[in-house]
Amino acid sequence: MTCRHCCSVLDTTGRCPGDAPLLDPKRDGRKYGTAAQLAHHFGTDITTDMVHNWRKRDGLERHRIGRDVYSPVDQTAAIEHAKRRTKETTGRGRSRRLDATLATAA
Ligand SMILES: [Zn+2]
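Residues numbered from 1 in each chain as written. Predicted model: local features only at pLDDT ≥ 70, side-chain atom pairs only at ≥ 80, totals over all residues.

Thoughts on helix 2 (residues 48-57)
Given 3.6 residues per helical turn, the α-helix brings residues three or four places apart onto the same face. Taken together, the buried positions of helix 2 are occupied by M50, V51 and W54. For helix 2, the buried positions fall inside an angular range of 100° around the axis, keeping them on one side. The exposed residues of helix 2 that point more than 90 degrees off its buried face are D49, K56 and R57. At its buried positions, helix 2 is contacted by helix 1 (35-42), strand 3 (68-72) and helix 3 (73-90). (Buried ≥ 20, exposed ≤ 12 C-beta atoms within 10 Å, placed from the backbone. Helix = DSSP H or I, 4+ residues; strand = E, 2+ residues; numbered from the N terminus. Arc of directions from axis to C-beta. Contact = placed C-beta atoms within 7 Å.)

Written out as C-alpha cells, the structure reads:
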C-alpha cells in the first residue's frame with residue numbers, strides 16, 4: 001500500500017511515514033517537517049528525493065531535532081513555487097537571459 005497523498009510506502013500499521021503532525025518548535029507559527037512529512041504535506045508533486053535535493057542545492061534550511069532533520073514548510077513552498085515557475089516560463093534547461101527575451105517578444 002502507498003499513501004494517497006504522497007505515494008510513500010505505508011508502514012506495517014498502514015500509516016504514512018509523513019503522517020506525523022508538523023512541528024512548531026519555536027511556537028512562532030512557522031511549521032517544520034521531515035522530508036517525508038513535507039512530501040506528504042505538499043502532495044503527489046513533491047517527493048522526499050526532491051526535498052533532499054533542495055536541501056543540497058537550493059539552500060533549504062536543515063534543523064536537526066531529535067533523530068530527524070526538519071525543514072521549514074514556508075521555505076519549501078517558496079522553493080517549490082520558484083521551481084514550478086521556472087519550468088513553466090522557460091521549459092527545461094533554458095537560461096534566464098532567454099527567458100527575458102521570450103517575455104519581451106510575447
Ligand atoms: Zn503520505
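Quick notes on the nonpolar core
What tends to happen in soluble globular proteins is that the nonpolar side chains get buried as a cluster. Within the largest apolar cluster, 14 residues are counted, with the highest numbers of intra-cluster contacts made by A35, L38, A39, I46, V51 and W54. For this core, the secondary structure elements donating two or more residues are helix 1 and helix 2. Considering each element in turn, this core owes the most residues, 5 residues, to helix 1. (Core = buried A, V, L, I, M, F, W, Y, C linked by C-beta atoms within 7 Å.)

Side note on the packing of helix 1 against helix 2
At a closest axis distance of 8 Å, the pairing of helix 1 and helix 2 adopts a crossing angle of 120°. One finds that helix 1 runs oblique with respect to helix 2. Between helix 1 and helix 2 lies a crossing of right-handed hand. Of the residues in helix 2, those touching helix 1 at A35, A36, L38 and A39 are T48, V51 and H52. Partitioned by chemical class, the residues of the contact of helix 1 with helix 2 number 5 nonpolar, 2 polar and no charged. (Axes fitted to C-alpha atoms, helices over the stretch in contact; angles between N-to-C directions. Parallel < 35°, antiparallel > 145°, perpendicular 65-115°, else oblique. Left-handed = near helix turned anticlockwise from the far one by under 90°. Nonpolar A, V, L, I, M, F, W, Y, C, P; charged D, E, K, R; others polar.)

Structural notes on the confidence of the model for the chain
Taken residue by residue, the chain gives an average pLDDT of 86. The fraction at 70 or more is 85%. Mean pLDDT values for the elements of the chain range from 47 in helix 4 (residues 96-105) up to 97 in strand 1 (residues 32-33). Segment residues 94-106: pLDDT under 50, and 4 contacts once partners within four positions in sequence are set aside and those in other chains are kept. (pLDDT = per-residue confidence, 0-100.)

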